[in-house]
Amino acid sequence: MPNYVVFGYGSLIFKPPPHVVAQVPGFLKGYVRRFAQSSHDHRGTLENPGRVVTLIHKEDWDSYSSADPFPEEDVVWGVAYTIDPAYEAEVRDYLGKQCLSNQDGYTLETVDIYGIVDGREQVIIHNCYVGRADNPSFVGGEPIDKLAWIIWSSRGPSGANKDYLYRLVAAVRELSAASYDSHLYTLEVSEFLLY
């Protein structure tokens, strides 16, 4: 039976799932990570939903946000976690509750994760939750100043939306000397978030 590997690209980077037996930084090609998912249950409320990141296929994102100002060559850095096989069902249930609590935002896909090992790229095949653009919580591309304002002003049961952004930015920076995310780093230095 193949290992159960989960790719963390959002809060799972700084808050790993339980029962991890190995972890390695890696990246996805052909996807974008964007603050394009509304959050009324973690980083916002029903009255004032915050924003959290989601993964979207690059070609799908291009059809929703043709004015996206970020480089084509950006990749999505995160962490590939190998789960202890004895706890696979428990971790699947945990992720179902933690990451998919609104049940309308994500779907499970098998994707290629690239890692740098001894200076070479290698591929790890595993499951990953990827955003669906047809779900009710998907908000698509928003102007950076509007998005920064939403992140700056939103708070939910899991805390301030801007704290989620700051923790994610710090975690991505620590993954690798090569890790980078133009979208996150632009939001980090937005004038709304500097105060």
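Residues numbered from 1 in each chain as written. Predicted model: local features only at pLDDT ≥ 70, side-chain atom pairs only at ≥ 80, totals over all residues. Heavy atoms only, no water.

Looking at an unreviewed UniProt entry, one finds the chain named glutathione-specific gamma-glutamylcyclotransferase, with Fistulina hepatica ATCC 64428 as its source organism.

## Brief notes about the overall build of the chain
Operational definition: Comment: elements are numbered from the N terminus, with helices defined as DSSP H or I runs of at least four residues and strands as E runs of at least two. When a residue's accessible area, from a 1.4 Å probe over protein chains only, is under 20% of the maximum for its type it is buried; when over 50% it is exposed; and in between it is partly exposed. Note on definitions: a residue-residue contact is assigned when non-hydrogen atoms from the two residues lie within 4.5 Å. Surface exposure here means Shrake-Rupley accessible area, sampled with a 1.4 Å probe, where a residue is shielded only by the protein chains that are shown.
Counting its secondary structure elements, the chain contains 6 helices and 9 strands. Sorting the 195 residues of the chain into buried and exposed places 48% on the buried side. The contacts of the chain with a sequence gap of at least 6 include a subset with a gap of at least 24, amounting to 74%. Summed over its atoms, the accessible surface of the chain is roughly 9600 Å², and 52% of this surface lies on carbon and sulfur atoms.

## Points about the pattern of salt bridges
For clarity, the threshold we go by: The salt bridge criterion pairs a side-chain nitrogen of Lys or Arg with a carboxyl oxygen of Asp or Glu, the two atoms within 4 Å.
This structure, assessed with the given rule, holds 7 salt bridges. Where Lys146 meets Glu142, a salt bridge forms, and the shortest distance between an N and an O atom there is 3.7 Å. Residue classification places Lys146 among the partly exposed residues on the basis of a relative accessible area of 45%. Linking Glu188 and Arg173 is a salt bridge whose minimum nitrogen-to-oxygen distance equals 2.8 Å. Taken as a pair, Glu188 in helix α6 (residues 182–188) and Arg173 in helix α5 (residues 161–175) lie far apart in primary sequence, 15 residues in all.

## Details of the packing of aromatic side chains
Definition in use: Between rings of Phe, Tyr and Trp, where Trp is taken as its six-membered ring, a pair exists when centres lie within 6.5 Å; planes separated by under 30 degrees are stacked, by over 60 edge-to-face, and by other angles tilted.
Using the criterion set out here, one finds 7 aromatic pairs in the structure. With a centroid separation of 4.9 Å and an interplanar angle of 50°, the aromatic rings of Phe27 and Trp77 are classed as tilted. In this pair, Phe27 sits in strand β2 (residues 20–28) while Trp77 sits in strand β5 (residues 76–83), placing the two residues 50 residues apart along the sequence. Arranged with centres 4.7 Å apart and planes meeting at 85°, the rings of Tyr180 and Tyr185 form a pair that is edge-to-face. Note on Tyr185: relative accessible area 10%, which makes it buried.

## Observations concerning the side chain of Glu142
Mapped onto the elements of the fold, Glu142 is located in the loop between β7 (120–131) and α4 (144–153). Judged by relative accessible area, which is 16%, Glu142 ranks as buried. For Glu142, the contacting residues outside a window of four places in its chain are Phe35, Arg51, Leu147 and Ile150.

## Some points on the environment of Pro17
Relative to the helices and strands, Pro17 is located in the loop between α1 (11–14) and β2. Taking relative accessible area as the criterion, Pro17 reaches 5% and is therefore assigned buried. Setting aside residues no more than four positions away along its own chain, Pro17 makes contact with Leu12, Tyr81, Ile83, Val91, Tyr94 and Leu95.

## Looking at the side chain of Ser182
Keep this limit in mind: Counting of polar contacts relies on pairs of N or O atoms within 3.5 Å, with two restrictions inside protein: one atom must be capable of donating a hydrogen and the other of accepting it, and residues adjacent in sequence are counted only when both atoms are side-chain atoms.
Summarising the element assignment, Ser182 is placed in helix α6. Residue classification places Ser182 among the buried positions, given a relative accessible area of 7%. In terms of polar contacts, Ser182 uses its side chain to reach the side chain of Asp74, at 2.9 Å. Not counting the four nearest positions on each side in its chain, Ser182 is found in contact with Phe70, Pro71 and Asp74.

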